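# Descriptive structure summary
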Amino acid sequence: MGKTLTRADLIDALGREVGLSRNDCSELLESMLEHLAKTLERGQLVKLARFGNFSVRAKRPRIGRNPKTGVEATISARRVVSFKASQIMRERVEKG
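Here the structure is a predicted model, which means the values were calculated and not measured.

Let us look at the overall build of the protein. Within the protein one finds 3 helices and 5 strands. The order of α-helices and β-strands along the protein, N terminus first, is α-α-β-β-β-β-β-α. Over its C-alpha trace the protein gives a radius of gyration of 18 Å, far above what one expects of a compact globule, namely 12 Å for 96 residues. Dimensions of the protein, computed from C-alpha atoms along their principal axes, come out at roughly 55 × 35 × 30 Å. Here the protein, with 96 residues, has 11% of them falling under the buried criterion. When contacts within the protein are restricted to residue pairs at least 6 apart in sequence, those whose partners lie at least 24 apart make up 32%. Of the accessible surface of the protein, which amounts to about 8200 Å², a share of 54% is contributed by carbon and sulfur atoms. The protein carries 20 positive and 11 negative side-chain charges, and their two centres are separated by 11 Å.

Now the structure itself:
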């Protein structure tokens, strides 16, 4: 496995590609991520062409088990973010 891609790495790459200052790139990235997060909070689908789809799923309450002690516990209902990569992204990852 390679190095983890961080926000700082994305900001640097954006600055090299677009030619904006590091500060402007940081604001742009933060604005994009905030917009995506707010859209998901509202339960709406986020589609990024050639990348994938982010969606919110509702999970029902269920019985789980503490792996350490084996004691059963109720896991409450919750909403989770789900990501499905596009076919193009899956092919790129597969090729390496």
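Attention now goes to the side chain of Ser-86. Topologically, Ser-86 is positioned in the loop between β5 (78-85) and α3 (87-95). At a separation of 3.4 Å, a polar atom in the side chain of Ser-86 contacts the main-chain carbonyl oxygen of Arg-50. The residues contacting Ser-86, other than those within four sequence positions of it, are Arg-50, Phe-51 and Gly-52.

Another aspect to go through is the sheet that holds strand β2 (residues 52-59). Sheet architecture is open: 3 strands sit in the order β1-β2-β5, paired in antiparallel fashion. In this open sheet, the two strands that pair with only one neighbour each are β1 (46-48) and β5. If you compare each strand with its neighbour and ignore which way they point, the axes differ by 25 degrees on average. Of the strand pairs in this sheet, β2 and β5 are connected by 8 bridges, and their pairing is antiparallel.

Moving on: a nonpolar patch on the surface. A cluster of nonpolar residues, Val-18, Leu-20, Leu-28 and Met-32, forms a patch on the protein surface that exposes about 340 Å² of accessible area. Here Met-32 is to be found in helix α2 (residues 22-41).

Looking now at the pairing of strand β4 (residues 72-75). Inspection of the sheet shows strand β3 (residues 62-65) paired to β4 by 4 bridges, in the antiparallel sense. Along β4, the bridge assignment pairs Arg-65 with Glu-72. Hairpin geometry of β3 and β4 is characterised by an intervening segment of 6 residues between the two adjacent antiparallel strands and by a positive phi of about 80 degrees at Gly-70.

Per the counting criterion, the structure on display carries 2 aromatic pairs. Ring centres of Phe-51 and Phe-83 lie 5.5 Å apart, and the angle between their planes is 50 degrees; on these two criteria the pair is classed as tilted. Residue Phe-51 is located in the loop between β1 and β2, and its partner Phe-83 is located in strand β5; the two are separated by 32 residues in the primary sequence. Using a relative accessible area of 36% as the deciding quantity, one classes Phe-51 as partly exposed. Residues Phe-54 and Phe-83 carry aromatic rings whose centres are separated by 4.7 Å and whose planes lie at 45 degrees to one another, so their mutual orientation is tilted. Here the residue Phe-54 occupies a position in strand β2, and Phe-83 occupies one in strand β5, the gap between them amounting to 29 residues. For Phe-54, a relative accessible area of 22% corresponds to the partly exposed category. Each residue in the set Phe-51, Phe-54 and Phe-83 is aromatic and connected to the rest through ring pairs, giving one cluster.

Thresholds, definitions, all that
- Residues numbered from 1 in each chain as written.
- Predicted model: local features only at pLDDT ≥ 70, side-chain atom pairs only at ≥ 80, totals over all residues.
- Heavy atoms only, no water.
- Helix = DSSP H or I, 4+ residues; strand = E, 2+ residues; numbered from the N terminus.
- Rg over C-alpha atoms; globule rule 2.2 N^0.38 Å.
- Buried < 20%, exposed > 50% of the residue type's maximum accessible area, 1.4 Å probe, protein only.
- Contact = heavy atoms within 4.5 Å.
- Areas by Shrake-Rupley, 256 points an atom, 1.4 Å probe, with all protein chains shown as cover.
- Lys, Arg positive; Asp, Glu negative; His and termini not counted.
- Charge placed at Lys NZ, Arg CZ, Asp CG, Glu CD.
- Polar contact = N/O pair within 3.5 Å; in protein donor to acceptor, adjacent residues only side chain to side chain.
- Pairing = 2+ DSSP bridges.
- Axes fitted to C-alpha atoms, helices over the stretch in contact; angles between N-to-C directions.
- Patch = residues over 30% accessible without salt bridge, like charges linked within 9 Å, V, L, I, M, F, W, Y side chains within 5 Å.
- Salt bridge = Lys/Arg side-chain N within 4 Å of Asp/Glu carboxyl O.
- Phe/Tyr/Trp six-rings, centres within 6.5 Å; stacked < 30°, edge-to-face > 60°.

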